[in-house]
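Notes for the structure review
Here are the chains, one letter per residue:
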Protein chains: 2
Amino acid sequence: MDLKKYIRDIPDFPKKGILFRDITTLIGDKDALREVVDIFVKKYKDEKIDIVVAAEARGFIIGGAIACGLNAGFVPVRKKGKLPHKTIGAEYDLEYGTDSLHMHEDAIVEGRRVLVIDDLLATGGTAKATCELVERTKGEVVEVGFIIELAGLKGREKLKDYKIFSQIVY
Amino acid sequence: MDLKKYIRDIPDFPKKGILFRDITTLIGDKDALREVVDIFVKKYKDEKIDIVVAAEARGFIIGGAIACGLNAGFVPVRKKGKLPHKTIGAEYDLEYGTDSLHMHEDAIVEGRRVLVIDDLLATGGTAKATCELVERTKGEVVEVGFIIELAGLKGREKLKDYKIFSQIVY
């Protein structure tokens, strides 16, 4: 299946000069959604994944489905103030300034094998922050999987300590 | 499986006097996550569901998994400004004032059979706004499914035009 056909290009979103790769047209198609999730599940089914971790919000959509497919639990990473229990946080760079992502401090037990999932690899900032959170709980990041990789933004360099997999590369 | 055992009660979140029912402990457990998703999938597998719709962010986690299990597509409903293409919006009441939810105007084709999923039925405001969005695209809301229902908040009354299903009732 040519998954790229299902991605919709939106010029100037979220701001002028950015070509946004819209996955809602992909996940809205039952066959394309199933294909994307199945590719991840087949790739990791023998990796003994205990937990799938994804950052809000788009990462949740496929993250939960992949967790089910791998018979793993799911742990959400969210913006500050969204998780109800005690959290740990990790900062990442924005174009101007920084933001932070948070995870429940008790969400991952030491030694658990973790698959980090996100829809898009751009500069790699949010994925790196997510991996840091997993490692601070002493979870093991087995691999980081993306639907789309924007290769020109060199996210792989920021994530050079991790194994990376992406299904669609631009 | 006694799913209630996996829900964590957090007093005074998001503010004093609210007892928050935290599902992260449920979805973080592989067996409980699988059970919750399987209950939905078994219930709706003969309903010819074309699309699962869920509002951000927690609804995405199980919504995507249920869509995969039903061999349906997934359509996200999001806060204003988050979706990249042209949207339609529906308002819902907050304690003070209103907020709005948005869906891509072309996300659902007329006549499609839609299952609306959310983690929690409280006052029913966000679920009702979500159903309105589906119906404005001429999709058919087959049923609205929740993991948790807080019966004391009478969300069912606000959703009286729809079939409602919840797995855990407080």
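Residues numbered from 1 in each chain as written. Chains lettered and ligands numbered in written order. Predicted model: local features only at pLDDT ≥ 70, side-chain atom pairs only at ≥ 80, totals over all residues. Heavy atoms only, no water.

**What to know about the interface of chain B and chain A**
Across the boundary between the two partners, chain B contributes 36 residues, which contact 36 residues of chain A. Interface of chain B and chain A: buried area, both sides summed, is about 3,000 Å²; carbon and sulfur atoms make up 62% of it. If you look at where chain B meets chain A, you find 2 salt bridges. Taken together, the connections running from chain B to chain A amount to 13 residue pairs in polar contact (both at pLDDT 80 or more). With 7 residues, helix α3 (residues 58-69) of chain B is the single largest residue contributor to the side of chain B that touches chain A. When the residues that make up the side of chain B that touches chain A are grouped by side-chain class, the tally is 18 nonpolar, 8 polar and 10 charged. (Contact = heavy atoms within 4.5 Å. Buried area = accessible area lost by both parts, 1.4 Å probe. Salt bridge = Lys/Arg side-chain N within 4 Å of Asp/Glu carboxyl O. Polar contact = N/O pair within 3.5 Å; in protein donor to acceptor, adjacent residues only side chain to side chain. Helix = DSSP H or I, 4+ residues; strand = E, 2+ residues; numbered from the N terminus. Nonpolar A, V, L, I, M, F, W, Y, C, P; charged D, E, K, R; others polar.)

**Side note on the side chain of D119(A)**
All names here are of chain A. As for its placement among the helices and strands, D119 is situated in strand β7 (residues 113-121). Here R58 takes part through its side chain, which lies 2.6 Å from a polar atom of the side chain of D119. When neighbours within four sequence positions are excluded, D119 is seen to be in contact with I23, R58, G59, F146, I147 and I148.

**Examining the packing of helix α2 (residues 30-44) of chain A against helix α3 (residues 58-69) of chain A**
Residues and elements named next belong to chain A. Following both chains from N to C, one finds α2 and α3 inclined at 50 degrees, their axes separated by 9 Å at the closest point. The angle between the axes of α2 and α3 places the two elements in the oblique class. Crossing of α2 over α3 shows right-handed handedness. Contact residues: α2 offers L33, V36, V37, F40 and V41, while α3 offers I62, A65, I66 and G69. Looking at the contact of α2 with α3 residue by residue, the classes come out as 8 nonpolar, 1 polar and no charged. (Axes fitted to C-alpha atoms, helices over the stretch in contact; angles between N-to-C directions. Parallel < 35°, antiparallel > 145°, perpendicular 65-115°, else oblique. Left-handed = near helix turned anticlockwise from the far one by under 90°.)

**Looking at α3(B)**
One full turn of an α-helix is made of 3.6 residues, so residues set three or four places apart face in the same direction. Residues and elements named next belong to chain B. Its 12 residues give α3 an end-to-end C-alpha distance of 18 Å, which sits within 8% of 16 Å, the value for a rise of 1.5 Å per residue. Among the 12 residues that make up α3, 10 are buried, leaving the element largely enclosed by the rest of the structure. Taken as a whole, α3 has its buried residues at G59, F60, I61, I62, G63, G64, A65, I66, A67 and C68. Just downstream of α3 lies N71, where phi reads positive at about 55 degrees. (Expected span 1.5 Å × (residues − 1). Buried < 20%, exposed > 50% of the residue type's maximum accessible area, 1.4 Å probe, protein only.)

**Considering α2(A)**
Taking 1.5 Å per residue as the helical rise, α2(A) with its 15 residues ought to reach 21 Å, and the 21 Å between its terminal C-alpha atoms agrees with that figure. Of all the positions in α2(A), only A32(A), L33(A), V36(A), V37(A), F40(A), V41(A) and Y44(A) are classed as buried.

**Regarding the pairing of strand β5 (residues 87-93) of chain B**
Residue and element names in this part refer to chain B. Only one face of β5 is buried, namely the one carrying I88, A90 and Y92, since none of T87, G89, E91 and D93 on the opposite face is buried. With 7 bridges connecting them, β5 and strand β6 (residues 98-104) associate as antiparallel partners. The residue of β6 that forms the bridge with T87 is H104. The loop that links β5 with its antiparallel partner β6 comprises 4 residues; one of these, G97, has a positive phi angle of about 85 degrees. (Pairing = 2+ DSSP bridges.)

**With respect to the layout of surface pockets**
Gaps left between atoms show up when a probe the size of a water molecule is rolled over them. The volume enclosed by the second largest pocket comes to roughly 390 Å³. Surrounding the second largest pocket, 22 residues form its lining, G28(A), D29(A), I51(B), A107(B) and R112(B) being those nearest its centre. Here the lining of the second largest pocket gets 4 residues from one element, more than from any other, and that element is strand β4 (residues 73-79) of chain B. The residue makeup of the lining of the second largest pocket, split by class, is 10 nonpolar, 6 polar and 6 charged. (1 Å grid on protein atoms, 1.4 Å probe; cavity = no way out; pocket = protein on both sides within 12 Å on 5 of 7 lines; lining within 4 Å. Points joined across faces, edges and corners; volume = space filled by probe spheres on them.)

**Let's talk about the environment of R113(B)**
Residue and element names in this part refer to chain B. Residue position: R113 is located in strand β7 (residues 113-121). As a C-alpha pair, R113 and T87 span 26 residues in sequence and 20 Å in three-dimensional space. With residues near it in sequence (within four places) discarded, R113 still touches E47, K48, I49, D50, I51, E140 and V142.

**Things to note about the sheet that holds β5(B)**
All names here are of chain B. Here 7 strands make up an open sheet; going across it, the order is β5-β6-β4-β3-β7-β8-β9 and the pairing mixed. Looking at strand neighbours, the two that pair on one side only are β5 and β9 (164-169), the edges of this open sheet. Within this sheet the neighbouring strands show an average axis-to-axis angle of 25 degrees, counted without direction.

**Considering the confidence of the model for chain A**
Note: predicted coordinates in regions of low pLDDT should not be interpreted at a detailed level. Residues of chain A with pLDDT of at least 70 account for 100%, and the chain-wide mean is 97. In the predicted complex, the global pTM is 0.97; the interface-specific ipTM is 0.97. (pLDDT = per-residue confidence, 0-100.)

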